[in-house]
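One letter stands for each residue in the lines below.
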Amino acid sequence: MATKKLYTVYDKGKPIGEYSSMEIATLLNLPCATISSYACSGARALGRYTFDVAGSITDDPLAIEWDRVRKQILKLGGMRHEESHEPSRTANRIPQLR
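As the structure is a computational prediction, the values presented were derived from the model and not from experiment.

(A) Molecular detail of the overall build of the chain. Scanning the chain from terminus to terminus reveals four helices and three strands. Written out in order from the N terminus, the α and β elements of the chain read β-β-α-α-β-α-α. Counting all 98 residues of the chain, 21% fall into the buried class. Contacts spanning at least 24 positions in sequence make up 46% of the contacts within the chain whose residues lie at least 6 apart. For the chain, the exposed surface amounts to about 7,500 Å²; the carbon and sulfur share of it is 56%.

(B) Highlighting the pattern of salt bridges. Tallied over the full model, the rule gives two salt bridges. Note that Glu65 and Arg68 form a salt bridge whose closest N and O atoms lie 2.7 Å from each other. Note that Glu65 and Arg68 are positioned in helix H3 (residues 61-76) at a spacing of three residues, about one turn of the helix. Overall, Glu65 belongs to the partly exposed group, its relative accessible area being 36%.

(C) Broad picture of H3. Here H3 spans 23 Å end to end across 16 residues, near enough to the 22 Å set by a 1.5 Å rise per residue. Phi turns positive one or two residues past the end of H3, at Gly78, with a value near 85 degrees.

(D) The packing of aromatic side chains, seen in detail. Throughout the structure, instances matching the rule amount to one aromatic pair. Centroid distance Tyr38 to Phe51: 6.1 Å. Interplanar angle 50 degrees. Geometry classified as tilted. Here Tyr38, found in helix H2 (residues 32-41), pairs with Phe51, found in strand E3 (residues 49-58); they are 13 residues apart in sequence, far enough to count as distant. Note on Tyr38: relative accessible area 23%, which makes it partly exposed.

(E) Focus on unusual backbone geometry. For Lys12, which is not glycine, the phi torsion reads 55 degrees and is therefore positive. Mapped onto the elements of the fold, Lys12 is located in the loop between strand E1 (3-11) and strand E2 (14-20).

(F) A look at the environment of Ala45. Mapping Ala45 onto the fold places it in the loop between H2 and E3. Relative accessible area serves as the criterion here: at 0%, Ala45 is assigned to the buried category. Not counting chain neighbours up to four residues away, the residues in contact with Ala45 comprise Leu30, Tyr38 and Phe51.

What counts and how
- Residues numbered from 1 in each chain as written.
- Predicted model: local features only at pLDDT ≥ 70, side-chain atom pairs only at ≥ 80, totals over all residues.
- Heavy atoms only, no water.
- Helix = DSSP H or I, 4+ residues; strand = E, 2+ residues; numbered from the N terminus.
- Buried < 20%, exposed > 50% of the residue type's maximum accessible area, 1.4 Å probe, protein only.
- Contact = heavy atoms within 4.5 Å.
- Areas by Shrake-Rupley, 256 points an atom, 1.4 Å probe, with all protein chains shown as cover.
- Salt bridge = Lys/Arg side-chain N within 4 Å of Asp/Glu carboxyl O.
- Expected span 1.5 Å × (residues − 1).
- Phe/Tyr/Trp six-rings, centres within 6.5 Å; stacked < 30°, edge-to-face > 60°.

These figures come from the coordinates and say nothing about function on their own.
This is the structure we're talking about:
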């Protein structure tokens, strides 16, 4: 199972999206290996682009299916994906057994 990092790309401080290092290399015509270096150092690529590690993705079919089902359950429960990580908001939705 391979895991790839995702990077948030900023153009002069404004976020423009999340991409893998291969996608960034293609979009900006940079060597793929330098994306991680720019993200670690905070240096600007081509004088305007900066990168932050946004997360990671995997190509494991079971992990992909789990993520799809998890998001579907959250959507059916009336939550957005972002709310799923806020315990105080989700705790009120779960019935408590007494």
